[in-house]
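# Working through the structure, step by step
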Protein chains: 2
Amino acid sequence: MSITVVGSVAYDSIETPAGRRDHCLGGAATYFSLAASFFTDVRVIAVVGEDFGPEQECVFETHHIDTRGIEHAEGKCFCWQGSYLENLNEAKTHSTELNVFASFQPKIPDAYRDSQFLFLANIDPVLQRYVRDAMPGVKLVAGDTMNFWIEDHRPALLRVLNGLDILLINDTEARMLAGDGNLVRAARAIMALGPRVLVIKHGEYGATLFFGATDGTASKTFRAPALPLDEVVDPTGAGDSFAGGFFGYLASQPHLTPGAFRRAMFYGSVMGSFAVERFGTERLQALSRPEIDGRFNEFRELTHLD
Amino acid sequence: MSITVVGSVAYDSIETPAGRRDHCLGGAATYFSLAASFFTDVRVIAVVGEDFGPEQECVFETHHIDTRGIEHAEGKCFCWQGSYLENLNEAKTHSTELNVFASFQPKIPDAYRDSQFLFLANIDPVLQRYVRDAMPGVKLVAGDTMNFWIEDHRPALLRVLNGLDILLINDTEARMLAGDGNLVRAARAIMALGPRVLVIKHGEYGATLFFGATDGTASKTFRAPALPLDEVVDPTGAGDSFAGGFFGYLASQPHLTPGAFRRAMFYGSVMGSFAVERFGTERLQALSRPEIDGRFNEFRELTHLD
């Protein structure tokens, strides 16, 4: 079943210990779409500027990603400049130019309205809520957020959480959102705000899936590893690629069983592990489904007793 | 097969967000022995003072741990005071009184000499090397160390590493020992110093097993999770308990297959997860084998796809 995703399509300038790249195609919706496109049909809602041309369009087309919801506006694309020189786990932002994103008002093509899966990538929670309300027929809604919205836009964010089935965030964001340093207690507090499934990403240590208990019993958890890598070229987009693999796989399944969620966690980790191997979306662009399934088996080998 | 362990038997005074305990039985050899005793016979080499009485002796006896190698010296036991108020992952040491440990010279009872497994718990690497040399007939030697020895006693530590089959350390220690922030590269560098198997413990995120490649192919890795806990009462001894579960299980196996190492990683995580549930060795003292195997199954459930 198809996924509609709303989020940023952007240009990034990135410096890491492995080198630097200027003005490479990025943005949460781009990473998410590319990662999810290996599993299901993806439709994007975003805004780009006049510096988004046929070459970039082609990246989406090659992966059969529907771009009819990408609005072309006057001006330039959202631009982010950052580095990971001291710490590969946390980006240092040097500059953020919102450009066409400053006045972004998502427009949902009619052709997208039968999507059964909706992903609200990390953007202003007011826009996330707007898109969620505009697509009442979806079967499953997942979303992401970040420290900025948690700290300074909590009321709007709470309205988003209230409409989410699944939230995907990292350790720091989970602790900040719940105001609790213990991740299990934090997970419980966050699920009380709306999402019945919570994925907390631990960077190089993998990710944990928490299923909210709806029947008074203890909640269930599942841990997926990350692949031990001897070089992380560029961590940008790892979380969005995880989300794309996770949600893309779920959308491809006939039934959302606990087993499907477990495998989705592995596919999320797999897509994150590919994303960081090269700068920007380079690795995701060059990827094939057999490579993905090969790495899925590596993850099984890495964690399974038998 | 039986394990001989050399290390500290001590009294700890511990403060954590869950409360405080004064003068509770601790020390690396104590945690290790208790954890390993659920899997195999354990023999301890250590030194205690006059404040180690029948009550403490009884803790070892109850678990059928051979204490003939525990020397009783004039003076007081090794004492450690520490807290984890700001960070459960790192102890803040308030005081260390070596007491009888200051002049510790390990004495190996003849009855221990047929041990096939040797564990060198975290003590002065000069003593670790001495015990290792005094037991040339052992089949498998594992050991632990800490930042203090890595930073200030490197030449002595390198002589220990050279005689180890398995080293168990945490992330920070691995990065410090190798001088490399990337754990995969650090693992490779450390295994070049001697150990052909390396276990790096990630605290609440589990642990990774690295098998050194002896045939030129890529080294193999295995990741065990930690149990997501909603309260860590006292992290003291978690690493030693992991080592006890890991090495104890290996010693109980007829063949050291890759599968045995994988299950050993799970049993290590299981014992670590129990250790932190109460202060000091309280939880390990009260534990039963069915509880251990029950939690082993929880770990399988937590990580396995099927």
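Residues numbered from 1 in each chain as written. Chains lettered and ligands numbered in written order. Predicted model: local features only at pLDDT ≥ 70, side-chain atom pairs only at ≥ 80, totals over all residues. Heavy atoms only, no water.

Before going further, it helps to spend a moment on the packing of helix H1 (residues 28–36) of chain B against helix H8 (residues 238–251) of chain B. Residues and elements named next belong to chain B. At a minimum axis distance of 7 Å, the contact between H1 and H8 shows a crossing angle of 40 degrees. Considered as vectors, H1 and H8 are oriented oblique to each other. The element H1 and its partner H8 pack so that their crossing is right-handed. Contact residues: Ala 28, Tyr 31, Phe 32, Ala 35 and Ala 36 in H1; Asp 240, Ser 241, Ala 243, Gly 244, Gly 245, Phe 247 and Gly 248 in H8. Residue composition of the contact of H1 with H8, by class: seven nonpolar, four polar and one charged. (Axes fitted to C-alpha atoms, helices over the stretch in contact; angles between N-to-C directions. Helix = DSSP H or I, 4+ residues; strand = E, 2+ residues; numbered from the N terminus. Parallel < 35°, antiparallel > 145°, perpendicular 65-115°, else oblique. Left-handed = near helix turned anticlockwise from the far one by under 90°. Contact = heavy atoms within 4.5 Å. Nonpolar A, V, L, I, M, F, W, Y, C, P; charged D, E, K, R; others polar.)

We now examine the sheet that holds strand E6 (residues 78–83) of chain A. Within a sheet, neighbouring strands are paired by backbone hydrogen bonds and run either parallel or antiparallel to one another. All names here are of chain A. The four strands lie next to each other as E3-E2-E6-E7, forming an open sheet whose pairing is mixed. With one partner strand each, in any of the chains shown, strand E3 (19–26) and strand E7 (92–97) form the two edges of the open sheet. Pairs of neighbouring strands in the sheet enclose a mean axial angle of 15 degrees, with direction left out of account. Here six bridges tie strand E2 (residues 10–16) to E3, and the two strands are oriented antiparallel to one another. Each residue of the ladder has a partner; that of Asp 12, found in E3, is Cys 24. (Pairing = 2+ DSSP bridges.)

The transformation that overlays chain B on chain A combines an axial shift of 0.0 Å with a rotation of 180 degrees, and the residual RMSD is 0.0 Å. Taken together, the rotation and translation describe the operation of a two-fold axis. Taken as a fraction of all interface residues of chain B, those also at the interface in chain A reach 100%, which identifies the copy contact as same-surface. (Least-squares fit on C-alpha atoms with pLDDT ≥ 70 in both.)

Positive phi outside glycine occurs at Asn99(A), with the angle close to 50 degrees. Structurally, Asn99(A) can be placed in the loop between E7 and strand E8 (117–120).

For the rest of this paragraph, the subject is the interface of chain B and chain A. Listed by partner, the interface residues are 31 residues for chain B and 31 residues for chain A. When chain B packs against chain A, close to 3000 Å² is buried across both sides, 47% of that on carbon and sulfur atoms. Interface area lost by chain B to chain A is led by Tyr205(B), Arg223(B) and Leu305(B), which between them contribute 29%. Arg300(B) is paired through a salt bridge with Asp306(A); the nearest N and O atoms lie 3.0 Å apart. (Buried area = accessible area lost by both parts, 1.4 Å probe. Salt bridge = Lys/Arg side-chain N within 4 Å of Asp/Glu carboxyl O.)

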